[in-house]
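A look at the structure
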Amino acid sequence: MFANIVVFIFGALVGSFLNVCIHRLPKNESVVWPRSHCPKCQKRIPGYDNIPFISFLLLSGRCRFCQEKISLRYPLVELITALLMVALFNRFGLNYEFFLYMVMLWGLIIATFVDIDLRIIPDEISVGGMIVGLIMVAVTGFSLAPFKFDFSPLLKSALGAITGGGIIYLTGVLFDLVYFKLLKRPAINGETESMGGGDVKLLAMIGAFMGWQMAILTFFLAPFLGIVIGVVNLMTKKDHTIPYGPFLSIAALVALFWADKIFTFIFHLR
Ligand SMILES: [Zn+2]
């Protein structure tokens, strides 16, 4: 119980930093300097107004100086980060896998909220995350006494990245070929490319952390989540493009927590 509370508080503080990344990374601003400031009145936010959830509630969701509304995204990201880190901690315990998937989780949360906001996924997260994933998995093949370096974890991670990126890229190419070239359907919003490069790189990152089997599972899970939201979106708005990054991210977490159950279920259907 005590450990869970510590992880939760740590998660909330990390979530607070992820908010800064979500806000600044797409603008190519530094995430460490300057300190947080109100986007409207530009006044620096004092430390006591920057406590996860609590400050938001105490300030009733408004800036102390100019009363500008603070986006609900801030406490939401802090809460999601804290809860998911507690979930990871309970799933894996305090070991290397926990740290590995914790780093992936941070990347997925940033990618999700930037994608919802701007329909892009920053390369710092997807490509940068893929490299971090490769390194973090590769070091598990490293041992000191006796000194040896086992290349198989690195190869597994690389294969995961190639599978993840490849499966989305090829699906996009195939879809565009059939839909736009063979069926000669008109371009959507002036585009004849359905799959964004950001999604290709994001699933490559997921594959680097989790391996090729999980990348494939994520790929097949994401549309189920996407269809539900897509239908709701179609009924409420005219806009029929939806960001795909959030579904890949949620699918990756579903795969991470319940892959065993999902595979058992699938193989019992036969
Ligand atoms: Zn303000």
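Described below are features of the structure shown in this document.

Calculation criteria
- Residues numbered from 1 in each chain as written.
- Predicted model: local features only at pLDDT ≥ 70, side-chain atom pairs only at ≥ 80, totals over all residues.
- Heavy atoms only, no water.
- Helix = DSSP H or I, 4+ residues; strand = E, 2+ residues; numbered from the N terminus.
- Rg over C-alpha atoms; globule rule 2.2 N^0.38 Å.
- Buried < 20%, exposed > 50% of the residue type's maximum accessible area, 1.4 Å probe, protein only.
- Contact = heavy atoms within 4.5 Å.
- Areas by Shrake-Rupley, 256 points an atom, 1.4 Å probe, with all protein chains shown as cover.
- Expected span 1.5 Å × (residues − 1).
- Bend = angle between axes of the 7 residues up to and from the residue.
- Axes fitted to C-alpha atoms, helices over the stretch in contact; angles between N-to-C directions.
- Parallel < 35°, antiparallel > 145°, perpendicular 65-115°, else oblique.
- Left-handed = near helix turned anticlockwise from the far one by under 90°.
- Nonpolar A, V, L, I, M, F, W, Y, C, P; charged D, E, K, R; others polar.
- Salt bridge = Lys/Arg side-chain N within 4 Å of Asp/Glu carboxyl O.
- Patch = residues over 30% accessible without salt bridge, like charges linked within 9 Å, V, L, I, M, F, W, Y side chains within 5 Å.
- Donors = N, O, S within 2.8 Å, 3.2 Å for Na, K, Ca; no water.
- Tetrahedral: all angles 85-135°; square planar, octahedral: opposite > 155°, others 65-115°.

Turning to the overall build of the protein, a few remarks are in order. Across its full length, the protein carries nine helices and two strands. Order of helices (α) and strands (β) in the protein, N terminus to C terminus: α-α-α-α-α-β-β-α-α-α-α. Rg of the C-alpha trace for the protein: 20 Å, near the compact-globule value of 18 Å for 270 residues, within the 12% margin. If one aligns the C-alpha atoms of the protein with their principal axes, the spans along those axes are about 60 × 55 × 35 Å. Counting every position in the protein, which comprises 270 residues, the buried fraction comes to 40%. In the protein, 67% of the contacts between residues at least 6 apart in sequence involve partners at least 24 apart. As displayed, the protein offers around 15800 Å² of accessible surface, 71% of which is attributable to carbon and sulfur atoms.

This paragraph deals with helix H9 (residues 245-268). With 24 residues, H9 should cover 34 Å at 1.5 Å per step; its first-to-last C-alpha distance of 30 Å lies more than 12% under that length. Where H9 bends most, the angle comes to about 85 degrees, and this point is Trp258.

Interaxial distance between helix H3 (residues 73-92) and helix H4 (residues 96-118) falls to 10 Å at its minimum, and their mutual angle equals 155 degrees. Judged by the angle between their axes, H3 and H4 are roughly antiparallel. Relative to H4, H3 is oriented so that their crossing is right-handed. Touching Arg73, Leu76, Val77, Ile80, Thr81, Leu84, Met85, Leu88, Phe89 and Phe92 of H3 are Glu97, Phe98, Tyr101, Met102, Leu105, Trp106, Ile109, Phe113 and Asp117, all from H4. A class-by-class count of the residues in the contact of H3 with H4 yields 15 nonpolar, one polar and three charged.

Our focus in this paragraph is the pattern of salt bridges. In total, this model carries four salt bridges according to the counting rule given. Among the ionic pairs, Arg64 bridges to Asp49, the shortest N-O distance being 2.6 Å. With Arg64 in the loop between helix H2 (54-58) and H3 and Asp49 in the loop between helix H1 (2-24) and H2, this residue pair connects regions lying 15 residues apart in the sequence. With relative accessibility at 12%, the residue Asp49 sits in the buried group. We note a salt bridge from Arg73 to Asp117, for which the minimum N-O separation is 3.0 Å. Remark: Asp117 occurs in helix H4 and Arg73 occurs in helix H3; sequence separation between them is 44 residues.

Taken together, the side chains of Tyr96, Ile131, Ile135, Val139, Phe142, Leu144, Phe147, Phe149, Phe151 and Leu155 define a hydrophobic patch exposed on the protein surface, amounting to about 1000 Å² of accessible area. The residue Phe147 is located in the loop between strand E1 (142-143) and strand E2 (148-149) in this model.

Trp33 connects to Pro34 through a cis peptide bond whose omega is -5 degrees. Summarising the element assignment, Pro34 is placed in the loop between H1 and H2. Backbone torsion omega between Ala145 and Pro146 reads 0 degrees, so that peptide bond is classified as cis. Mapped onto the secondary structure, Pro146 falls in the loop between E1 and E2. Positive phi, close to 65 degrees, is recorded for Gln42, a residue that is not glycine.

Taken together, the protein donors to the zinc ion comprise Cys38 (SG), Cys41 (SG), Cys63 (SG) and Cys66 (SG), at separations of 2.3 Å. If you look at the zinc ion, its four donor atoms make angles of 106 to 113 degrees with each other, and the shape they trace is tetrahedral.

What is shown is where atoms sit, not what they do.
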